[in-house]
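# Residue-level structure breakdown
These are the residues of each chain, in order.
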Amino acid sequence: MSSTEDRRFEVLRAIVADYVETHEPVGSKALVDRHHLGVSSATVRNDMAVLEAEGYITQQHTSSGRIPTEKGYRQFVDRIAQIKPLSSAERRAILQFLETGVDLDDVLQRSVRLLAQLTRQVAIIQYPVISSARVRHLEVVALAPTRLLLVVILDSGRVEQRLVELGEPASDEDLSRLRELFGAAVQGKLIPDASMGVADLAPLAPRDLRDAVIRISTVLVETLVERADDRLVLGGTANLTRNAADFDAVSGSLRSVLETLEEQVVVLKLLTARQQPGTVSVAIGSETQDENLRGASVVSTGYGAPGAIFGGVGVLGPTRMDYPGTIASVAAVARYVGEVLGER
């Protein structure tokens, strides 16, 4: 890339930085005064004219300065060479905060609260995708002679508990045999394989246990299915109100953004589109492919344990956001929530 192109990108970078900070159109004089660009105001004005002609910046009014366009933000994000790492103290604080979560729900709630505080945007995390998890342990507990409690623990940290009513009392020996049967069918297996293993048990079960096996299998198969009512956890929704004008100018209203968040389907699709660990994805404005989010950006990545993706985590905010800081925060929280859940 030529030195002229490099200089123009520095002008674009400065415009993005100033506009994100001030929410005011940026003029050439302000750029020269605030940034050490090493060129005259006339050169900066010429560079801004070229950037505008190429669609990277635009002028809202004849006498105003310039603001970045979606294309400008995309160029800026694509050329972020290095994300500033969090300090050791920040990393320790994040890990300690997440590690003190008492269960999966608490860890996910803590994750979105923390991410919303770090970025001052709406934080979103997807519940661990059950189909990609393995069954770590299955316990069968007798609550009464004809009532059992099934406890399914997944390697994603998710714990499911279900009651089973039996047709007749089960002895301690019956319980031991049931634990052995179902443990062999599901232990260490991916959820789809575990479901098939459970479904295949009834025809092969000993005659005296067949009724109990059928009842337990029915409950287990229903348990090992993705639930639609808890796919996403959100935090910091009130942060959107600080930037209502950003959405009003592009999307039509803040209300349309909130409605999209409430429906969850679009956001879930954005979170699951690219979930490579260590790779942060940024969808800017129209790249979200949703009319209501034309004024928004979604910064997301996957979280999980080595070799396994549990789900997606990210933030939603206006296109006028601190992309380097947001990307760093999303990457850090994703890393540590994956570590915490992977160790449980």
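Criteria and thresholds
- Residues numbered from 1 in each chain as written.
- Predicted model: local features only at pLDDT ≥ 70, side-chain atom pairs only at ≥ 80, totals over all residues.
- Heavy atoms only, no water.
- Helix = DSSP H or I, 4+ residues; strand = E, 2+ residues; numbered from the N terminus.
- Buried < 20%, exposed > 50% of the residue type's maximum accessible area, 1.4 Å probe, protein only.
- Contact = heavy atoms within 4.5 Å.
- Domains from an automatic or database assignment.
- Buried area = accessible area lost by both parts, 1.4 Å probe.
- Salt bridge = Lys/Arg side-chain N within 4 Å of Asp/Glu carboxyl O.
- Polar contact = N/O pair within 3.5 Å; in protein donor to acceptor, adjacent residues only side chain to side chain.
- Nonpolar A, V, L, I, M, F, W, Y, C, P; charged D, E, K, R; others polar.
- Pairing = 2+ DSSP bridges.
- Axes fitted to C-alpha atoms, helices over the stretch in contact; angles between N-to-C directions.
- UniProt positions renumbered as here; feature names shortened; annotations may be inferred.

This part is about the environment of Leu341. Positionally, Leu341 belongs in helix H14 (residues 323-342). Relative accessible area serves as the criterion here: at 0%, Leu341 is assigned to the buried category. Leu341 sits 124 residues away from Ser217 along the chain, and the two C-alpha atoms are 27 Å apart. The contacts of Leu341, once residues within four sequence positions are left out, are Leu104, Val107, Leu108, Asp155, Ser156, Gly157, Tyr303 and Phe310.

Moving on: the domain arrangement of the chain. As assigned here, the chain comprises domain 1 (4-79), domain 2 (88-129 + 230-343) and domain 3 (134-225). Spacing between the C-alpha centres of domain 1 and domain 2 amounts to 28 Å. Contacts between domain 1 and domain 2 engage 8 residues on the former and 15 residues on the latter. Summing both sides of the interface, domain 1 and domain 2 together bury roughly 990 Å²; the carbon and sulfur share of this comes to 62%. At the boundary of domain 1 and domain 2, one finds 1 salt bridge. Of the charged contacts in the structure, one is a salt bridge between Glu287 and Arg74, with a shortest N-O distance of 2.6 Å. Connecting domain 1 to domain 2 are 4 residue pairs in polar contact (both at pLDDT 80 or more). Looking at the side of domain 1 that touches domain 2, the element that brings in the most residues is helix H4 (residues 70-78), giving 5 residues. Residue composition of the side of domain 1 that touches domain 2, grouped by class: 5 nonpolar, 1 polar and 2 charged.

Let us look at the pairing of strand E10 (residues 308-318). For E10, a buried count of 9 out of 11 residues is recorded, marking the element as mostly surrounded by other parts of the structure. With 4 bridges connecting them, strand E3 (residues 122-126) and E10 associate as antiparallel partners. Pairing of Val122 across the sheet is with Leu316, part of E10.

So, about the sheet that holds strand E5 (residues 147-154). The strand order across the open sheet built from 3 strands is E4-E5-E6, with neighbouring strands paired in antiparallel fashion. The open sheet has two edge strands with one neighbour each: strand E4 (135-144) and strand E6 (159-165). The mean inter-strand angle of the sheet, taken between neighbouring strand axes irrespective of direction, is 20°. With 7 bridges connecting them, E5 and E6 associate as antiparallel partners. Counted as the bridge partner of Leu148 is Val164 from E6. On top of the sheet, helix H10 (residues 210-223) reaches E4, E5 and E6; it is set at about 150° to E6, its chief contact.

Let us look at the UniProt feature "domain: HTH deoR-type" (unreviewed entry) in the chain. Mapped onto this structure's residue numbering, the UniProt feature "domain: HTH deoR-type" (unreviewed entry) falls at residues 19-61. With 56% helix and 7% strand, residues 19-61 has its two end C-alpha atoms placed 15 Å apart.

Turning our eyes to something else, we now look at the packing of helix H7 (residues 172-186) against helix H8 (residues 191-199). Viewed as axis vectors pointing N to C, H7 and H8 meet at an angle of 140°, and their least axial separation amounts to 8 Å. Facing H7, whose interface residues are Phe182, Ala185 and Val186, H8 presents Ala194, Gly197 and Val198. Looking at the contact of H7 with H8, its residues break down into 5 nonpolar, 1 polar and no charged.

This next bit is on the pairing of E3. By the criterion of burial, E3 is predominantly enclosed, with 5 of the 5 residues buried. Here 4 bridges tie E3 to strand E7 (residues 232-235), and the two strands are oriented antiparallel to one another. Residue pairing for E7: Ala123 is matched across the bridge by Gly235.

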